[in-house]
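# Chains, contacts and geometry: an overview
One-letter residues, chain by chain:
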Amino acid sequence: GERRDTTSSGINAEYGDFHMGPGTLKVSMLLHSEARENLCKAIRSTEGYRGGSFLYFEGGKEKKKFDTDRNYAIFRQESYFHWLFGVREPGCSGAINCDTAEAILFIPRRDEESVLWKGPIRSQSWFIERYYVDECFYVDQISSVLSSRGAGKVYLMEGMNRFSYVSTTAPTFDYMEMFEVDKKTMYPLAVAGRVRKTDREVEVIKYITKITCEGHKMVMRSVRPGIMEYQVSSIFMYYCYKFGGGREMGYIPICPSGDRSKILHYGGQSAPNDFQIKDGDMCLFDMGGEYHCYLTDITTSFPVNGRFTETQRTVYNIVLETMQDVVNAIKPGYTWREARRQCYKSLLGYLKKKGLVVGEVQDMYDVKLHRVFMPHGIGHFIGCDVHDVGGQASYWCWSDSEVKDVDWYDDTLEWCPLEKNMVMTIEPGCYFNDVLLDPAIKDEKQGKFMVADEISRYRGMGGVRIEEVFVVTEGGCEVISDLPRTVEEVE
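The shown structure was predicted, so the numbers you read here are calculated from the model rather than taken from an experiment.

For the pair helix α1 (residues 30-44) and helix α6 (residues 186-195), interaxial distance at closest approach is 10 Å and the crossing angle is 135°. Regarding the angle of α1 to α6, the classification is oblique. Regarding α1 and α6, the two cross each other, and that crossing is right-handed. Counted together, Leu39, Ala42 and Ile43 of α1 and Met186, Leu189 and Ala190 of α6 form the full contact between these two elements. Classifying every residue of the contact of α1 with α6 by side-chain character gives six nonpolar, no polar and no charged.

Have a look at this one:
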C-alpha cells in the first residue's frame, strides 16, 4: 500500500478536484474529506464510543445487462460512498479511522490485459492524489489492513431508506469475523449528514441547477407543435452534457404533453415520452441534470404554442400562487408538516376562488380533497439522489411516538424542522384525472365540495406542476432555480 505525503500543503493542482473541462465547475475533493470529518465527529459523540474504531463502506459495482457482456448502464457510484470518497471507479471500498477521520481507499486489482480495453492501470499513489485519501491498498487486503491498524470495532451501513423503503444490507469482507461489528449506529448518522449540506455541496447543486434551468429554457425556446416528446428530452440531455458536463441525468426525463401530463411519473417504459405534441397542448417537463453525482429536480409547465388558454392560465396561476405561498413561509425551524398544510390549503383556497370547489378550506382539507387534485407530496430533499435520503423521525431529535395524524405521503418528512443548508424542492401541482375526479364527485364526504360542471371544463387538459429548488438560509430560503414563471414571462 501507499500513504499520502503529508509534508506537502493542500491538494495537488493536477489532481484533487473534479471537473469536466473548461467552463465547468471544479469540485474540490475537500468536499468529501469534510463529509468524513463530520460523520466521524457524529459517531464519536455517541454513547459507548471507544477509540480505535473504523467505518467501512463499499462502493458500487458494474452490472451486466442480463446474460450479455455489456454493462447495464454507465457506471454511477453508490451515493453514500460517493458522498464520503468521491471515487468514480467501480469495485472500490473504503475505511475511515473514526478517531482521526483519515481515509483508506481499497481498489480492485487489474491484470495487464485490461490495459487494452480500459486504459492504463493507475497506481495507488494516483488514487491517493486524485481523491485526497490518506492511504490506498487493494480490496483483498481489507482485513489485514484494518487488523494492522488495531481496529477494535468496525461500523457498517445497514438501514432502510424511508423514501424508497428499500433497505441497505451491511457489506461484508473476508475475515470480518475478526472484528467487533456495529450495524446500527452509523446509518441514521450518515443520513443526517447527507441531509445537512456543507457549503461545498450547495455550490455543486447550485451549479447543476443553473445548467438544468438553462436546459429548460432551451427546450422552451425550441418546442413547437408537431415535435415528439422524446425529442424534447434529447434537447435537454444534449444541453446538460455539452454545456455543463452532465453526462448522466438525475432521473429519466418526464416529458408529457396534453392529457398525459396527469401521469405523474411519465417517461418510463409504460409511458416512454413517445407522443407527438399537438397545437394547444400544455407541456409538463420534469427534468434534472447531474454533476459529480449531485443533482437537481425542476419542473416547468407551459403551452406548446406559447399562448395560454383561459383554463390553462387559471390552473397555472393556481399552482404558481400555491408555490409562492409555501416558499414565502420557508425558514429554519419551519416543519415539513407546516409546509405541507400550507401547500394543500393554499391549493384548495385558490381552487375555491376560481369556482371549482365550494365550502370552507379547513373542511375540504379534513376530508383530504386536496388529494383529488394533487395526489403526491409537496417536495423532497435534493442531494446525491433525486429523492434524497432523510426525514425519518428517529434520525432527528424527537420520538417516533410523536408522529400521528400522518398523511399517506410525506410521512418521512412529516416532523422535519428545516435547518440552514438543507436543499429541497417544492412541487405543487393540479391535475384533472378522471380516475380521481369521478369517485370524489360521487363520494358522500368529498362530493359536496366539488362543482362538477365547472370541473368538467378542465377535463382533458392533464395538469400543471411547477417545481423549484431552494436552499434554507439563516433567515428564510433562497430559490436557486431561475426560470420564467409568471404567465407573462413564459409567453
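From this point, things continue past the structure.
Read from one edge of the open sheet, seven strands run β1-β7-β6-β5-β4-β8-β11, paired in mixed fashion. Looking at which strands have only one partner, the edges of the open sheet turn out to be β1 (2-3) and β11 (180-182). Bridging between strand β6 (residues 103-107) and strand β7 (residues 135-138) involves four bridges; their strand directions are parallel. Across the sheet, Phe106 pairs through a bridge with Phe137, a residue of β7.

Residues Leu55, Phe57, Phe285, Phe373 and Phe432 are the most contacted members of the largest nonpolar core, which totals 131 residues. Discounting residues that sit within four places of it in the chain, Phe432 has contacts with Asp259, Lys262, Val315, Leu356, Phe373, Leu437, Ile455, Tyr458, Arg459, Met461 and Gly462. Listed in part, the 16 residues of the second largest apolar core include Val145, Ala151, Phe173 and Met176.

Okay, the packing of α1 against helix α7 (residues 199-222) next. In the contact formed by α1 and α7, the axes pass within 9 Å of each other and the chain directions differ by 135°. With respect to α7, the element α1 is oriented oblique. Considering the relative orientation of α1 and α7, their crossing is left-handed. Each of Leu30, Leu31 and Glu34 in α1 lies in contact with α7, whose residues at this interface are Arg200, Glu201 and Val204.

Evaluation of the coordinates by the stated rule reveals 24 salt bridges. For Arg313, the salt bridge goes to Glu491, with nearest N and O atoms at 3.7 Å. In this pair, Arg313 is assigned in helix α9 (residues 310-329) and Glu491 in the segment after α15 (487-490), connecting sequence segments 178 residues apart. The exposure class assigned to Glu491 is partly exposed, which follows from its relative accessible area of 33%. One network of salt bridges, in which partners are shared, links Arg194, Lys197, Asp385 and Asp388.

Phi at Phe66 takes a positive value of approximately 55°, unusual for a residue other than glycine. By the element assignment, Phe66 lies in the loop between β4 (54-58) and α2 (79-85). With relative accessibility at 71%, the residue Phe66 sits in the exposed group. The phi angle at Asn421 is positive, at roughly 75°, despite the residue not being glycine. Tracing the chain through its elements places Asn421 in the loop between α12 (370-373) and β16 (423-426).

This part is about the environment of Glu290. Relative to the assigned elements, Glu290 resides in strand β13 (residues 290-291). On the basis of relative accessibility, which here comes to 7%, the residue Glu290 falls in the buried class. For the pair formed by Glu290 and Tyr207, sequence separation is 83 residues and the distance between their alpha carbons is 9.6 Å. Excluding its chain neighbours within four sequence positions, the residues that come into contact with Glu290 are Arg76, Ile208, Gly246, Arg247, Glu248, Met249, Gly250 and Leu295. In terms of polar contacts, Glu290 uses its side chain to reach the side chain of Arg76, at 3.1 Å.

Turning next to helix α8 (residues 229-244). Compared with an ideal rise of 1.5 Å per residue, which puts 16 residues at 22 Å, α8 spans 22 Å between its outermost C-alpha atoms and is within 8% of the ideal. Here α8 has its buried residues at Glu229, Val232, Ser233, Ile235, Phe236, Tyr239, Cys240 and Gly244. Taken down its axis, α8 places every buried residue within 160° of arc, on the same side. Contacts from the buried residues of α8 go to α7, β12 (282-287) and β13. Taken from the residues just after α8, Gly245 is the one with a positive phi, measuring 75°.

Moving on: the side chain of Thr24. Along the chain, Thr24 turns up in the loop between β2 (17-18) and β3 (27-28). Residue class for Thr24 comes out buried when judged on its relative accessible area of 14%. Only 2.6 Å separates the side chain of Thr24 from the backbone oxygen of Gly21, close enough to count as a polar contact.

Summed over all chains, the structure comprises 17 aromatic pairs. Relative to Tyr187, the ring of Tyr80 lies with its centre 5.9 Å away and its plane at 50°, an arrangement referred to as tilted. Of this pair, Tyr80 sits in helix α2 while Tyr187 sits in helix α6; the two residues are 107 residues apart in sequence, bridging distant segments of the chain. Taking the relative accessible area as the measure of exposure, Tyr80 reaches 5% and is therefore buried. Geometrically, the ring pair formed by Phe432 and Tyr458 is stacked, given 5.3 Å between the ring centres and 15° between the ring planes. Of this pair, Phe432 sits in the loop between β17 (429-431) and α13 (434-442) while Tyr458 is found in the loop between α14 (452-456) and β18 (463-465), placing the two residues 26 residues apart along the sequence. Accessibility classification places Phe432 together with Tyr458 in one group, the buried group. Members of the aromatic cluster, joined through ring pairs, are Phe18, Tyr207 and Tyr291. One Lys or Arg, Lys242, reaches over the ring of Phe243 and ends 5.5 Å from the middle of that ring.

Cut-offs applied
Residues numbered from 1 in each chain as written. Predicted model: local features only at pLDDT ≥ 70, side-chain atom pairs only at ≥ 80, totals over all residues. Heavy atoms only, no water. Axes fitted to C-alpha atoms, helices over the stretch in contact; angles between N-to-C directions. Helix = DSSP H or I, 4+ residues; strand = E, 2+ residues; numbered from the N terminus. Parallel < 35°, antiparallel > 145°, perpendicular 65-115°, else oblique. Left-handed = near helix turned anticlockwise from the far one by under 90°. Contact = heavy atoms within 4.5 Å. Nonpolar A, V, L, I, M, F, W, Y, C, P; charged D, E, K, R; others polar. Pairing = 2+ DSSP bridges. Core = buried A, V, L, I, M, F, W, Y, C linked by side-chain atoms within 4.5 Å. Buried < 20%, exposed > 50% of the residue type's maximum accessible area, 1.4 Å probe, protein only. Salt bridge = Lys/Arg side-chain N within 4 Å of Asp/Glu carboxyl O. Polar contact = N/O pair within 3.5 Å; in protein donor to acceptor, adjacent residues only side chain to side chain. Expected span 1.5 Å × (residues − 1). Arc of directions from axis to C-beta. Phe/Tyr/Trp six-rings, centres within 6.5 Å; stacked < 30°, edge-to-face > 60°. Lys NZ or Arg CZ within 6 Å of the ring centre and 35° of its normal.

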